[in-house]
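# Observations on chain architecture
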Amino acid sequence: MDKFTTLTGIAAPMPLVNIDTDMIIPKLFLKTIQRSGLGKNLFDEMRYDRQGNEIPDFVLNKPQYRQAEIIVAGDNFGCGSSREHAPWALLDFGIRCVISTSFADIFYNNCFKNGILPVVLPPEAVNYLMDDAANGANARITVDLENQTVTASDGKSFGFDIDPFKKHCLMNGLDDIGLSLEKVSSIDAYEEKQKTQFPWL
Amino acid sequence: MTAPKTLYDKIWDAHVVDRSDDGTCLLYIDRHLVHEVTSPQAFEGLRMANRPVRAPGKTIAVPDHNVPTTADRVNGIENEESRIQVEALDKNAKDFGIVYYPVSDIRQGIVHIVGPEQGWTLPGMTVVCGDSHTATHGAFGALAHGIGTSEVEHVLATQTLIQTKSKNMKVEITGKLKPGVTAKDITLAVIGKTGTAGGTGHVIEYCGEAIRALSMEGRMTVCNMAIEGGARAGLIAPDETTFDYVKGRPHAPKGAAWEAAMAWWKTLYTDEGAHFDKVITLRGEDIEPVVTWGTSPEDVLPISAKVPAAGDFTGGKVGAAQRSLDYMGLTPGMKLTDIKIDAVFIGSCTNGRIEDLRAAAAVLKGRKIADGVRCMVVPGSGLVRAQAEEEGLAQIFIDAGAEWRMAGCSMCLAMNPDQLAPEERCASTSNRNFEGRQGYKGRTHLMSPAMAAAAAVTGHLTDVRELSAETV
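For the structure given in this document, a descriptive report is provided here. Just so we're clear, the structure is a prediction, and the values are computed from it rather than from any experiment.

A tally of regular secondary structure across chain B gives 17 helices and 19 strands. In terms of overall size, chain B behaves like a compact globule, its C-alpha atoms giving a radius of gyration of 21 Å where 472 residues would be expected to give roughly 23 Å. Along the longest, intermediate and shortest principal axes, the C-alpha atoms of chain B span 60 × 55 × 45 Å. When each of the 472 residues of chain B is scored for burial, the buried share is 66%. When the accessible surface of chain B is split by element, carbon and sulfur atoms take 51% of a total near 15500 Å². When the 48 basic and 58 acidic side-chain charges of chain B are each reduced to a single mean position, those positions are 2 Å apart.

Next up, the structure:
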């Protein structure tokens, strides 16, 4: 997993609320047995018509947002299915950070497993950044994980909260499984205890 | 004396393997359910790192999302990508020694129906699956939630998950439901009230007289859609209804093990005075048969209502509502019962159990599907299918003109060939009405099995309670 420290990039505004994982990556593309290659189908049904032509007014098809690395989105981004194909598709497109007022739990967790930073900010801050993002490629937003700030192109800065463990893993690109396996003696001990306490399991 | 605990607190505490100073816990997972769509990359990750599955006996795999629901599926899956994905699960289950129900096995079905049916789901357990509707298993008083593929790999390798504890939320349904109102109406009505983000960061415990009165099938329907309310999981404290359902299932404990299990299971309730961070109360008597009109499960209205206008909402919902109205092809102010449908889907992990089929069959008995309407009935498992045939339900569906299919997820998410055509409108017993969910540009109205069956008969959204007068 790639580390995430700081990022300065173009932010695409997506003010729609409840952007669900079926929108982010429709089920048609869940049949892959790979993690890579989903970027071209990110937001597929919003991005292309039935013949596969780009829909020009969809934000990521506009020239100024084609290189976006950040999405500023409406409330409850990533609701719906547990499909990790959603962050895989975002990452494969080049998105490393999503900013919203709230995220669905499973999507939020999935982001951290893939080097994507989901940032939760209050509505005023998200609105401010949404307006900034609407300025297109001239407006570069800076996300600083270490200092937990998002800075708009005019220098206005917003602080955000993040779980310290998740921050640590993301900043260092750590593999969760490796970390948990360091605690294998605790897992062994739990299983032994469970055999007596819950013998039916 | 220890502080009073919620049911969630009790299950959580019993599964903590390790706790860090910052509160992050390593939580032990008792049961891991696996299907073909969200697992191939996880197994590949294990192979790359040369890691085994830590507890293959606690891991159950079944293909469900991709499988066709036509009888000719025994000859193989035509769609190449779907076939490769199912074959990958065949191979992974074999290579890693996991319990497996292949397509050819009568016990095959939707993972969330197979788990409880086989007794793999028990009260007090932690249950996970790479599928958001894992919340279903909370009906047993099991802490059950969906996870992503990286977490699937984590559970396969360690039998644990790194977790921080969610908040406690209580959803109480008091009193009794009126005739014609079902578990699906409860769960949709709750989402209608809280919104799809209302449960974010919380584990919901459903309680109250109306919940207690539900069968296990109904409780599974309620918990199944906890995720649609944004909650991490939904829970219902186990009681005699639960124990009666579990007892005698193939993988339920037997003899002395049953007695030992019961001793613990009977302690699985929220203590008097335990703290909930959020409380929602609905009166059972106030719940009507409901349907969704838009493209979010929170777009819930009683069947007697009219299609809203975007201006009826505030904030970001105004734009979303307008987008929904355009997508759904609806005019504000029209009666919901005037919405004509092209298709009916009865099935899914929300409503694909025997009781759901009984409810639909009760409406369809002696009636015909309306002209021009296609009605698909997809049992949740091969065993549900067999039971429905034995009870004569299958014949009722066939006589009414419905398609009687093999078990799988089918048109709930339309990964297999069961899909809506663009702008086709479906009365569906599934769980999501998202854009494109049941097929590109397809239009979904969520409702109970009885309501879906009623719509099948009339060809438009219908209050099932008024059906007799209209058609007889």
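For the rest of this paragraph, the subject is the interface of chain A and chain B. Contact residues are listed per partner, giving 58 residues for chain A and 74 residues for chain B. The junction of chain A with chain B conceals about 5300 Å² of combined surface from both sides, 57% of it contributed by carbon and sulfur atoms. Three residues, Lys27(A), Lys31(A) and Trp200(A), lead the burial of chain A against chain B; their summed loss comes to 15% of the area buried on that side. Ionic pairing is found between Asp188(A) and Arg54(B), a salt bridge with its closest N-O pair at 2.6 Å. Viewed at the interface, chain B and chain A are joined by 31 residue pairs in polar contact (both at pLDDT 80 or more). Going through the elements one at a time, α1 (21–24), α2 (44–47), α3 (85–93), α4 (105–112), α6 (164–172), α7 (176–181) and α8 (184–197) of chain A are the ones with two or more residues in the side of chain A that touches chain B. Considering each element in turn, the side of chain A that touches chain B owes the most residues, seven residues, to α8(A).

For the rest of this paragraph, the subject is the pairing of strand β6 (residues 126–129) of chain B. All names here are of chain B. Burial along β6 is two-sided: the face carrying Thr126 and Val128 and the face carrying Val127 and Cys129 are both buried. One ladder, built from three bridges, connects strand β3 (residues 31–34) with β6; its direction is parallel. Paired with His32 across the two strands is Val128, which belongs to β6. In the sheet, β6 pairs with strand β7 (residues 143–146) via four bridges, with the strands oriented parallel. Paired with Val128 across the two strands is His145, which belongs to β7.

All right, on to the packing of aromatic side chains then. Here the structure, examined in full by the defined rule, presents 19 aromatic pairs over all chains. On the numbers, 6.2 Å between centres and 80° between planes, the contact of Phe77(A) with Phe103(A) is edge-to-face. Of this pair, Phe77(A) sits in the loop between β2 (70–73) and α3 while Phe103(A) sits in the loop between β3 (97–100) and α4, and the two are 26 residues apart along the sequence. Note on Phe77(A): relative accessible area 0%, which makes it buried. Members of the aromatic cluster, joined through ring pairs, are Phe198(A), Trp200(A), Phe243(B), Trp258(B), Trp264(B) and Trp265(B). Over the ring of Tyr8(B) we find Lys165(B); its NZ or CZ atom is 5.1 Å from the centre of that ring. Its guanidinium or amino end placed over the ring of Tyr245(B), Arg249(B) lies 3.8 Å from that ring's centre, counting from NZ or CZ.

This paragraph deals with helix α3 (residues 80–96) of chain B. Residues that lie three or four places apart on an α-helix share one face, since the helix turns once every 3.6 residues. Residue and element names in this part refer to chain B. End to end, α3 covers 24 Å across 17 residues, agreeing with the expected 24 Å (1.5 Å per residue, within 8%). All of the buried residues in α3 are Ser82, Gln85, Val86, Ala88, Leu89, Asn92, Ala93 and Phe96. Taken end-on, α3 shows its buried residues confined to a sector of 150°, consistent with a single buried face. Tucked into the core, α3 has its buried residues touching β3, α2 (40–48), β4 (59–61) and β5 (99–100).

This part covers the state of the cysteines. Applying the stated rule across the entire model yields zero disulfides over all chains. Here Cys25(B) is not cross-linked by a disulfide; its sulfur's nearest cysteine counterpart is in Cys169(A), at 15 Å. Considering cysteine sulfurs only, Cys349(B) is the nearest to Cys409(B), which forms no disulfide, with 6.6 Å between them.

What follows is about the sheet that holds β5(B). All names here are of chain B. A sheet is described by the order of its strands in space; here five strands give the open sequence β5-β4-β3-β6-β7, paired in parallel fashion. Two strands in the sheet have a free side with no partner beyond their single neighbour: β5 and β7. Note that β3 and β4 share three bridges and pair parallel. If you follow Leu33 over to β4, its bridge partner there is Ile60.

This next bit is on the nonpolar core. Ranked by size, the top nonpolar core spans 118 residues in total, and within it Phe43(A), Phe77(A), Leu90(A), Ile99(A), Leu117(A), Leu121(A) and Phe397(B) carry the most contacts. Considering each element in turn, this core owes the most residues, eight residues, to helix α16 (residues 449–458) of chain B. If near-sequence neighbours (up to four positions away) are discounted, Ile99(A) is found in contact with Ile70(A), Ile71(A), Val72(A), Ala73(A), Val119(A), Leu121(A), Val126(A), Leu129(A) and Val150(A). Listed in part, the 64 residues of the second largest apolar core include Cys129(B), Val171(B), Met216(B) and Ala261(B).

So, on to the sheet that holds strand β6 (residues 149–151) of chain A. Residues and elements named next belong to chain A. Reading across from one edge, β4-β3-β2-β1-β5-β6-β7 is the order of the seven strands in this open sheet, with mixed pairing throughout. A single partner strand is all that each edge strand has here, and the edge strands are β4 (117–120) and β7 (157–159). Taken over all neighbouring pairs, the strand axes of this sheet differ in orientation by 25° on average, direction set aside.

Let us now look at the pairing of strand β16 (residues 374–377) of chain B. Regular strands place their side chains on alternate faces of the sheet. Residues and elements named next belong to chain B. The pairing of strand β15 (residues 343–346) with β16 spans four bridges and is parallel. Bridging from a neighbouring strand, Ala343 pairs with Arg374 of β16. Alignment of β16 against strand β17 (residues 403–404), held across two bridges, turns out to be parallel. What sits directly across from Val377, in β17, is Trp404.

A few words on helix α15 (residues 393–400) of chain B. All names here are of chain B. Those residues of α15 that sit buried are Leu393, Ala394, Ile396, Phe397 and Ala400. Projected down its long axis, α15 carries its buried residues within an arc of 160°, all on one side. After α15 finishes, the residue Gly401 shows a positive phi value of roughly 105°.

Right, let's talk about the packing of helix α13 (residues 354–364) of chain B against helix α14 (residues 382–390) of chain B for a bit. Residues and elements named next belong to chain B. Packing of α13 against α14 leaves a shortest axis separation of 10 Å and a crossing angle of 40°. As the angle between them shows, α13 and α14 are arranged oblique. Crossing of α13 against α14: the hand is right-handed. Residues Ile354, Leu357 and Arg358 of α13 touch α14, and the partners they reach there are Val384, Gln387 and Ala388. Taken together, the residues of the contact of α13 with α14 break down into four nonpolar, one polar and one charged.

As a further point, take the pattern of salt bridges. All chains considered together, the criterion is met by 34 salt bridges over all chains. Connected through shared salt-bridge partners, Glu44(B), Arg47(B), Lys91(B) and Asp95(B) make up one network.

Conventions used here
Residues numbered from 1 in each chain as written. Chains lettered and ligands numbered in written order. Predicted model: local features only at pLDDT ≥ 70, side-chain atom pairs only at ≥ 80, totals over all residues. Heavy atoms only, no water. Helix = DSSP H or I, 4+ residues; strand = E, 2+ residues; numbered from the N terminus. Rg over C-alpha atoms; globule rule 2.2 N^0.38 Å. Buried < 20%, exposed > 50% of the residue type's maximum accessible area, 1.4 Å probe, protein only. Areas by Shrake-Rupley, 256 points an atom, 1.4 Å probe, with all protein chains shown as cover. Lys, Arg positive; Asp, Glu negative; His and termini not counted. Charge placed at Lys NZ, Arg CZ, Asp CG, Glu CD. Contact = heavy atoms within 4.5 Å. Buried area = accessible area lost by both parts, 1.4 Å probe. Salt bridge = Lys/Arg side-chain N within 4 Å of Asp/Glu carboxyl O. Polar contact = N/O pair within 3.5 Å; in protein donor to acceptor, adjacent residues only side chain to side chain. Pairing = 2+ DSSP bridges. Phe/Tyr/Trp six-rings, centres within 6.5 Å; stacked < 30°, edge-to-face > 60°. Lys NZ or Arg CZ within 6 Å of the ring centre and 35° of its normal. Expected span 1.5 Å × (residues − 1). Arc of directions from axis to C-beta. Disulfide = S-S within 2.5 Å. Core = buried A, V, L, I, M, F, W, Y, C linked by side-chain atoms within 4.5 Å. Axes fitted to C-alpha atoms, helices over the stretch in contact; angles between N-to-C directions. Parallel < 35°, antiparallel > 145°, perpendicular 65-115°, else oblique. Left-handed = near helix turned anticlockwise from the far one by under 90°. Nonpolar A, V, L, I, M, F, W, Y, C, P; charged D, E, K, R; others polar.

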